[in-house]
Amino acid sequence: MSNGSWIRESLKKYSRRHPKLLKMFQASREKIKEREFAACQRENPVDEKLVVFESYWGKSYSCSPRAIYEGMLRDSRFENYRFIWSFEDVQAHQYLLGNPRTSLVKRNSREYHQAFARAKFWIYNMSVPEYMTPQEEQIYVETWHGTPLKRVGYDTIYESDYRRSREDTIAAFEKKGAKVDYLLSPSVFYDQVITSAFGLERSHNEKAVVHTGYPRNDYLYRYDPKDREEIRRKLGIPEGKKLLLYTPTWRENQYSDQGKFTYHTELDLEKLFEILGEDYLLLYRSHHHVSSYDLSPNYQSQVMDVTKVEDINELYIISDMLITDYSSTLFDYGNLGRPMIFYMYDLEEYQNQIRGFYFDVEELPGPIVKTTKELAEAVLDLSEHFQYGEKYQKFQKKFNTYEDGSATERTLNLLLRGK
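This section reports on the structure supplied with the text. (Residues numbered from 1 in each chain as written. Predicted model: local features only at pLDDT ≥ 70, side-chain atom pairs only at ≥ 80, totals over all residues. Heavy atoms only, no water.)

Of regular secondary structure, the chain possesses 15 helices and 15 strands. Restricting the contact set of the chain to residue pairs at least 6 apart, pairs at least 24 apart contribute 69%. Here the chain displays about 20000 Å² of accessible surface, and carbon together with sulfur accounts for 48% of that area. (Helix = DSSP H or I, 4+ residues; strand = E, 2+ residues; numbered from the N terminus. Contact = heavy atoms within 4.5 Å. Areas by Shrake-Rupley, 256 points an atom, 1.4 Å probe, with all protein chains shown as cover.)

And the structure:
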């Protein structure tokens, strides 16, 4: 570790032990960044045919920004546009340069800030950095990254996140909501929840919520059945295996001394496969917030870590069943109409101490289980007796109201219309 890196890490550790000092330091740093970015905007005029994209803080080429980008490449109305993607690891995404109108920038670099200063359209799925504010002639499209079951932003109840107070979270989300020009919505439920979570009424920006659906979910309506076999081969999945996709969310109360989120599951793999047998393969997908997790190497023949698969849609379409807890993956997976199980071993703690929910979990279209034995029995039962019944249909109508495979087209029409 370089001397500069050591100093930064030492300051971080010291600041975490002194929250007030950390808050002052962060506020001062944000003010400096705001001034620097505003200066960058003054020096770089807006290009009417330039679009900048980022997903999950530059970690991947995925989600709705990817769907919108690929939609633009197919749409002749955007044939004279140029595109910039932001990544933490630029080298890993060199393949995108196969399109001559596409360029890449390193996240948080000088070129990164110039890209956002110049681009007419900002396409983002995690809220742009707080120090960035679009100019009047720019259009900021916030695709967000999932429908929330757990409370978020303005609706936060508990002081469970060590990174900042509930008061700071509320202020940050109101600031985010005031910047947005378009906030894409997949449902009637989402219209209400996201308006509340981002404090849009306080910033008088309720009009930003638009009924497009999630562009990333178009693929779930339009994929070629042959894609399933191709993806299975690419991942090296043995023929005949039934695939269980496990997507636990993160917990604010699980983190390391370095301030990074960890995940410890209560799932007993030995007991699970003792009951399920060898017909099943568990695809484990860690949450993007989690830096480390305990996945036993003793079950490599029955558990596959698919966290690094960039496009989770590939995992959705090859899986036979979803196992999750409070993750927004449950809403996306619902578009496939396949069985889901909700492994909520810490339900009472999560609901009453960590996050709280927007609706009664009894509305979920699958069994809620709390032990590995109950989970395994539910898997076997749904494998034999699953039906897409009335409860599932009501779930879809409420939580995926606008999803029909045409969200990308509706979004592109909005962009061409302007503000």
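All right, on to the nonpolar core then. Judged by nonpolar contacts, the single largest core of 71 residues is most densely connected at Phe 116, Trp 122, Leu 149 and Leu 330. Not counting residues up to four positions away in its chain, the partners in contact with Leu 330 are Leu 149, Leu 322, Thr 324, Asp 325, Met 340, Phe 342, Leu 364 and Phe 395. Within the second largest apolar cluster, 24 residues are counted, among which are Val 51, Phe 121, Ile 123 and Leu 414. (Core = buried A, V, L, I, M, F, W, Y, C linked by side-chain atoms within 4.5 Å. Buried < 20%, exposed > 50% of the residue type's maximum accessible area, 1.4 Å probe, protein only.)

Turning to helix H15 (residues 407-417), a few remarks are in order. Of the positions making up H15, those classed as buried are Ala 407, Thr 408, Thr 411, Leu 412, Leu 414 and Leu 415. Summarising the axial view, the buried residues of H15 lie within an arc of 155°, below the 170-degree limit, and thus occupy one face. At the C-terminal side of H15, Gly 418 shows a positive phi close to 90°. (Arc of directions from axis to C-beta.)

A few words on the packing of helix H3 (residues 63-74) against H15. Two elements in contact, H3 and H15, have axes whose closest approach is 10 Å; the angle formed by their N-to-C orientations is 75°. Taken as axis vectors, H3 and H15 run roughly perpendicular relative to one another. Only Thr 408, Thr 411, Leu 412 and Leu 415 of H15 make contact with H3, whose side of the interface consists of Ala 67, Ile 68, Gly 71 and Met 72. When grouped by side-chain class, the residues that make up the contact of H3 with H15 number five nonpolar, three polar and no charged. (Axes fitted to C-alpha atoms, helices over the stretch in contact; angles between N-to-C directions. Parallel < 35°, antiparallel > 145°, perpendicular 65-115°, else oblique. Nonpolar A, V, L, I, M, F, W, Y, C, P; charged D, E, K, R; others polar.)

Take Thr 169: it is sitting in helix H5 (residues 166-179). In this structure, Thr 169 is in contact with Gly 153, Thr 156 and Arg 164, ignoring residues within four places of it in sequence.

So, about the pattern of salt bridges. In total, this model carries 18 salt bridges according to the counting rule given. We note a salt bridge from Arg 228 to Asp 320, for which the minimum N-O separation is 3.7 Å. One end of the pair, Arg 228, is in helix H8 (residues 226-235); the other, Asp 320, is in the loop between helix H10 (312-318) and strand E13 (321-324), with 92 residues separating them in the sequence. In this structure Arg 228 comes out as partly exposed when scored by relative accessible area, which is 24%. (Salt bridge = Lys/Arg side-chain N within 4 Å of Asp/Glu carboxyl O.)

Turning next to the sheet that holds strand E3 (residues 102-106). Note on sheets: strands pair through backbone hydrogen bonds, and any given pair is parallel or antiparallel. Strand order in the open sheet formed by seven strands is E3-E2-E1-E4-E5-E6-E7, with parallel pairing between adjacent strands. A strand with exactly one partner marks an edge of an open sheet, and here the two such strands are E3 and strand E7 (209-211). The sheet shows a mean angle of 25° between the axes of neighbouring strands, taken without regard to direction. With three bridges connecting them, strand E6 (residues 182-185) and E7 associate as parallel partners. Each residue of the ladder has a partner; that of Ser 185, found in E7, is His 211. (Pairing = 2+ DSSP bridges.)

Two elements, strand E1 (residues 47-54) and strand E4 (residues 119-124), share five bridges in a ladder whose sense is parallel. Within E4, the position partnered with Glu 54 by the bridge is Tyr 124. In the sheet, E1 pairs with strand E2 (residues 82-87) via four bridges, with the strands oriented parallel. Residue pairing across strands places Val 51 opposite Phe 83, the latter belonging to E2.

Moving on to the sheet that holds E13. Pairing is parallel across the open sheet formed by six strands, whose spatial order is E12-E10-E8-E13-E14-E15. Only two strands of the sheet have a single neighbouring strand rather than two, namely strand E12 (303-305) and strand E15 (368-369). Of the pairings in the sheet, the one linking strand E14 (residues 340-343) to E15 comprises two bridges and is parallel in character. Along E15, the bridge assignment pairs Phe 342 with Ile 368. Across the sheet, helix H13 (residues 372-385) touches strand E8 (242-247), strand E10 (280-284), E13, E14 and E15, and the angle it forms with E14 is around 175°.

Orientation of helix H9 (residues 269-276) relative to H13, taken along the N-to-C sense of each, is 30°, at an axis distance of 9 Å. Judged on the interaxial angle alone, H13 and H9 are roughly parallel. Between H9 and H13 the crossing geometry is right-handed. On H13, the residues that touch Lys 271, Leu 272, Ile 275 and Leu 276 of H9 are Thr 372, Lys 373, Leu 375, Ala 376, Val 379 and Leu 380. The residue inventory of the contact of H9 with H13, partitioned by class, reads seven nonpolar, one polar and two charged. (Left-handed = near helix turned anticlockwise from the far one by under 90°.)

What follows is about unusual backbone geometry. Negative phi is the rule for most residues except glycine; trans is the rule for most peptide bonds. Its identity as a non-glycine residue notwithstanding, Tyr 56 has a phi of 45°, on the positive side. With respect to the helices and strands, the residue Tyr 56 is situated in the loop between E1 and H3. In the Ramachandran plot, Asn 108 falls in the positive-phi region, its phi being about 70° despite a non-glycine side chain. With respect to the element layout, Asn 108 can be found in the loop between E3 and helix H4 (110-118).

Turning our eyes to something else, we now look at the pairing of E2. For E2, the tally of buried residues reaches five of six residues, placing the bulk of the element in the interior. Following the backbone out of E1, through H3 and into the adjacent parallel E2, one traces a crossover that is right-handed. Across five bridges, the pairing between E2 and E3 is parallel. If you follow Phe 87 over to E3, its bridge partner there is Lys 106. (Right-handed = clockwise from strand over helix to strand, strands pointing away.)

It is worth spelling out the side chain of Lys 150 at this point. Note on placement: Lys 150 falls in the loop between strand E5 (139-142) and H5. Here Lys 150 is buried and forms no salt bridge, its nearest opposite-charge partner Asp 325 lying at an N-O distance of 6.5 Å. Within polar-contact distance, the side chain of Lys 150 engages the side chain of Thr 249 at 2.4 Å. Not counting residues up to four positions away in its chain, the partners in contact with Lys 150 are Thr 249, Trp 250, Tyr 326, Tyr 350, Arg 355, Gly 356, Phe 357 and Tyr 358. (Lys, Arg positive; Asp, Glu negative; His and termini not counted. Polar contact = N/O pair within 3.5 Å; in protein donor to acceptor, adjacent residues only side chain to side chain.)

Function cannot be read off these values alone, since they describe shape.
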